[in-house]
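The residues making up each chain are set out below.
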Amino acid sequence: MRFWFVPAVMLAALTGCEYSGPPEGQPAKPSATAATAPQEVATGHAEDPRPAEVQAMQEWSRRQLQLELPGQFAGATMSSTTVSYGFAAAKPGHYDVHFTCQGPTETELSLATQAGGEVLVPVQVPCDGAVFKAQVTLSILGVEFLMSPADGANGRYAFRLVPASPALTATVLQGTGGLKAVVNTGQASAPGPAAELKGTLDRDGAGCVILQAEGGDDYTLIFPAGTSLSGGTLVLPAGPRITAGDPLVLTGNRVPADEGLSMCLNYARLYSVESAAIIR
C-alpha cells in the first residue's frame, strides 16, 4: 500500500491497518494512488485510529528523532507488513536520511523515486533504538520510504528526510584546565527558523563545552564567530559571559554530525548557537 504526503506530516497506524494524518492546520493531500486503496476500511477497520494511538506514535517519534530540523519531511507509522510512505514535495537535491524502528529484530529500508528509481539501496537496519543515518541525492521531485519488518513482526518506525546543510567550518579554542570551545567560522547557523534549547552549561569528559538539556540529552555547542575564552569563562560577541553551571536558554539550530569534531565526545549531536541568555 502506498501513500504520498506533504512536508512534516506525522503518520500513525494501527497494526495491519495503515492511517495517514494531515499536517497541523491542513487537510490531508493523498495522491491518486492513495485514493484508490480504501480496502482497509472495507474490511472493518475504523477510518481513524483512536486519538491515544496517534498521540503515542507522535510522541515516540519526537523522542526518537529529537529536535525538529529545518525543512524536514518527517513521519511515523506502525505495521506488521511491508509499508511504503512518500513525500511528493521533496525537491531534487542532497538530503540526510534518519530512520529508527522498534519491534522486529531488524527492518529492511530502501528509498525510491515515484517512478521506481533507486535512491537508497535496501539495507537491513537493526531495531535497537539507534538512529540509522545515510546521505541520498534526489534527481527528481518526490521520494518514497519502503520498510519491511523481519519475520512479519509488528514494528513501528520514525523517519525523516532533512536537506543537507553546507559543511561546517569551525575552530577549537583552548581554555584553562583543558577546556575546549568550538567556534563557528562559517555560516552563523543551520538554515531555517531557530530552535530554542534550555539547559545547564557543562563540559564533557574531553573538556568540550556542552549543554545538559532539560530533556536529558547533552549537546556539543558551536558558538558564533567572535566568541572568546577568558580562563574558564566564555564571552559571546553579543554577550553574555557564561561559565559552567549557568542555566541557559539558547537560540540556534541542530547541525549534522561532524567527525572533524571527534575531539569532543558527542560530535554527533551538535547545536549551533546564535544567542544565549542566562536564566535568572
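Keep in mind that what you see is a predicted model, and the values were worked out from it rather than measured.

## Some remarks on the overall build of the chain
- Summing up its helical and strand segments, the chain has three helices and 21 strands in all.
- Expressed as a percentage of its 280 residues, the buried residues of the chain come to 44%.
- By element, 52% of the accessible surface of the chain is carried by carbon and sulfur atoms, the whole surface being about 13,000 Å².

## Thoughts on the nonpolar core
- Leu-111, Phe-145, Met-147 and Leu-161 are the most contacted members of the largest nonpolar core, which has 24 residues in total.
- Those elements that place two or more of their residues in this core are strand E5 (83–87), strand E6 (93–102), strand E7 (106–112), strand E8 (118–126), strand E9 (132–138), strand E10 (143–149) and strand E11 (155–163).
- Among residues more than four places away in sequence, those in contact with Phe-145 are Val-83, Ser-84, Tyr-85, Phe-87, Val-97, Leu-109, Ser-110, Leu-111, Phe-159, Arg-160 and Leu-161.
- In terms of nonpolar packing, the next biggest core, distinct from the first, is built from 21 residues, Ala-181, Leu-201, Leu-229 and Leu-236 among them.

## Here's the deal with the side chain of Thr-113
- With respect to the helices and strands, Thr-113 occurs in the loop between E7 and E8.
- Using a relative accessible area of 9% as the deciding quantity, one classes Thr-113 as buried.
- With residues near it in sequence (within four places) discarded, Thr-113 still touches Val-119, Ile-140, Gly-142 and Glu-144.

## As for the sheet that holds strand E17 (residues 228–230)
- Strand order across the open sheet formed by three strands is E17-E18-E19, with antiparallel pairing between neighbours. Of all strands in the sheet, those bounded by a partner on one side alone are E17 and strand E19 (241–242).

## Some points on the pairing of E6
- With seven of 10 residues buried, E6 lies mostly within the body of the structure.
- Where E6 meets E9, seven bridges bridge the pair, whose relative direction is antiparallel. Bridge pairing in E9 links His-94 to Thr-137.
- Pairing analysis gives eight bridges linking E6 to E11, with the strands arranged antiparallel. Along E11, the bridge assignment pairs Val-97 with Leu-161.

## Here's the deal with the packing of aromatic side chains
- Evaluation of the coordinates by the stated rule reveals six aromatic pairs.
- Taken together through their ring pairs, the aromatic side chains of Phe-73, Phe-87, Phe-145 and Phe-159 make up a single cluster.
- Between the NZ or CZ atom of Arg-269 and the centre of the ring of Tyr-219, over which it lies, the distance is 5.7 Å.

## Re the state of the cysteines
- In total, this model carries two disulfides according to the counting rule given.
- Across the disulfide, Cys-101 is cross-linked to Cys-127 (sulfur-sulfur distance 2.1 Å). Between Cys-101 and Cys-127 the disulfide shows an S-S torsion of about -100°. By sign, it is left-handed. Of the two residues, Cys-101 is situated in strand E6 and Cys-127 in the loop between E8 and E9; the sequence distance between them amounts to 26 residues.
- Owing to a relative accessible area of 1%, Cys-101 belongs among the buried residues under this scheme.
- The disulfide partner of Cys-208 is Cys-264, and the S-S distance across this bridge is 2.1 Å. Here the disulfide of Cys-208 and Cys-264 is left-handed, its torsion about the S-S bond being about -80°.

## Side note on the pairing of E5
- In terms of burial, E5 is largely enclosed, as five of its five residues are buried.
- Burial along E5 is two-sided: the face carrying Val-83, Tyr-85 and Phe-87 and the face carrying Ser-84 and Gly-86 are both buried.
- By the bridge criterion, five bridges tie E5 to E10 in an arrangement that is antiparallel. Residue Tyr-85 lies in a different strand from E10, and its bridge partner there is Phe-145.

## Here's the deal with the sheet that holds E6
- Read from one edge to the other, the open sheet built from four strands follows the order E4-E11-E6-E9, with strand pairing classed as antiparallel. The open sheet is flanked by strand E4 (73–79) and E9, the only strands paired with a single partner. The average undirected angle you get between the axes of adjacent strands in this sheet is 20°.
- Alignment of E4 against E11, held across seven bridges, turns out to be antiparallel. The residue of E11 that forms the bridge with Ala-76 is Ala-158.
- Strands E4, E6 and E11 of the sheet are contacted by helix H3 (residues 51–65), whose axis makes an angle of about 55° with E11.

The rules behind these values
Residues numbered from 1 in each chain as written. Predicted model: local features only at pLDDT ≥ 70, side-chain atom pairs only at ≥ 80, totals over all residues. Heavy atoms only, no water. Helix = DSSP H or I, 4+ residues; strand = E, 2+ residues; numbered from the N terminus. Buried < 20%, exposed > 50% of the residue type's maximum accessible area, 1.4 Å probe, protein only. Areas by Shrake-Rupley, 256 points an atom, 1.4 Å probe, with all protein chains shown as cover. Core = buried A, V, L, I, M, F, W, Y, C linked by side-chain atoms within 4.5 Å. Contact = heavy atoms within 4.5 Å. Pairing = 2+ DSSP bridges. Phe/Tyr/Trp six-rings, centres within 6.5 Å; stacked < 30°, edge-to-face > 60°. Lys NZ or Arg CZ within 6 Å of the ring centre and 35° of its normal. Disulfide = S-S within 2.5 Å. Axes fitted to C-alpha atoms, helices over the stretch in contact; angles between N-to-C directions.

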